[in-house]
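Residues per chain are reported as follows:
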Amino acid sequence: MAVRVNTRISERANEWLDKKSAEMAVSKSALINMAIENYIKEMEVVHTLPSLMKELEKLGVKVE
């Protein structure tokens, strides 16, 4: 399910979105959604990394 979100962005960001969406042949909304989804995935990795490193150390893998 998708929800509508209205927001304001800078002219610079809008110009970048115009250019990038044309290059990629996707809507600006789709491009924004892809960027947010990627950001969420990155943050999930960042938050799980410390526990992953502890588990690796328990298995004898040296992490520096």
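Bear in mind the structure is a predicted one, so any value in this text is a computation, not a measurement.

Asker: Hey, could you run me through the overall build of the protein chain in this one?
Answerer: Helix and strand counts for the protein chain come out as 2 helices and 0 strands. By principal-axis analysis of the C-alpha atoms, the protein chain measures approximately 50 × 25 × 20 Å. Expressed as a percentage of its 64 residues, the buried residues of the protein chain come to 5%. Only carbon and sulfur atoms are counted for the fraction: they give 58% of the accessible area of the protein chain, which is about 6,200 Å². Side chains of the protein chain give 10 positive and 10 negative charges; the mean places of these two sets differ by 3 Å.

Asker: Is there a simple way to explain the pattern of salt bridges in this structure?
Answerer: Applying the stated criterion across every chain yields a total of 3 salt bridges. The partner of Lys28 in a salt bridge is Asp18, and the shortest N-O contact between them spans 3.1 Å. Pair noted here: Lys28 is in helix H2 (residues 28-58) and Asp18 is in helix H1 (residues 11-24), with a separation of 10 residues, a long-range link. You can call Lys28 partly exposed: its relative accessible area is 29%. Note on Asp18: relative accessible area 37%, which makes it partly exposed. A salt bridge links Lys20 to Glu23; the nearest nitrogen and oxygen atoms lie 3.2 Å apart. With Lys20 and Glu23 both in helix H1, this residue pair falls 3 residues apart, about one helical turn.

Asker: Please explain H2 as it appears in this structure.
Answerer: Residues spaced three or four apart along an α-helix face the same direction, because each turn holds 3.6 residues. Its 31 residues give H2 an end-to-end C-alpha distance of 45 Å, which sits within 8% of 45 Å, the value for a rise of 1.5 Å per residue. Of all the bends in H2, the greatest, near 40 degrees, is centred on Leu49, and the proline Pro50 appears no more than four residues after it. In the segment just after H2, Gly60 is the residue with positive phi, at about 90 degrees.

Asker: Looking at this structure, I do not really get a nonpolar patch on the surface. What am I missing?
Answerer: Together, Met1, Val3 and Val5 make up an exposed nonpolar region whose accessible area comes to about 460 Å². As for its placement among the helices and strands, Val3 is situated in the segment before H1. Classification of Val3 as exposed rests on a relative accessible area of 67%.

Asker: Explain the side chain of Ser21 to me, please; I cannot follow it from the model alone.
Answerer: Relative to the assigned elements, Ser21 resides in helix H1. At 3.2 Å, the side chain of Ser21 and the backbone oxygen of Asp18 are in polar contact. If sequence neighbours within four positions are ignored, Ser21 has contacts with Val26, Ser27, Lys28 and Leu31.

Here is what the cut-offs are and how they apply
Residues numbered from 1 in each chain as written. Predicted model: local features only at pLDDT ≥ 70, side-chain atom pairs only at ≥ 80, totals over all residues. Heavy atoms only, no water. Helix = DSSP H or I, 4+ residues; strand = E, 2+ residues; numbered from the N terminus. Buried < 20%, exposed > 50% of the residue type's maximum accessible area, 1.4 Å probe, protein only. Areas by Shrake-Rupley, 256 points an atom, 1.4 Å probe, with all protein chains shown as cover. Lys, Arg positive; Asp, Glu negative; His and termini not counted. Charge placed at Lys NZ, Arg CZ, Asp CG, Glu CD. Salt bridge = Lys/Arg side-chain N within 4 Å of Asp/Glu carboxyl O. Expected span 1.5 Å × (residues − 1). Bend = angle between axes of the 7 residues up to and from the residue. Patch = residues over 30% accessible without salt bridge, like charges linked within 9 Å, V, L, I, M, F, W, Y side chains within 5 Å. Polar contact = N/O pair within 3.5 Å; in protein donor to acceptor, adjacent residues only side chain to side chain. Contact = heavy atoms within 4.5 Å.

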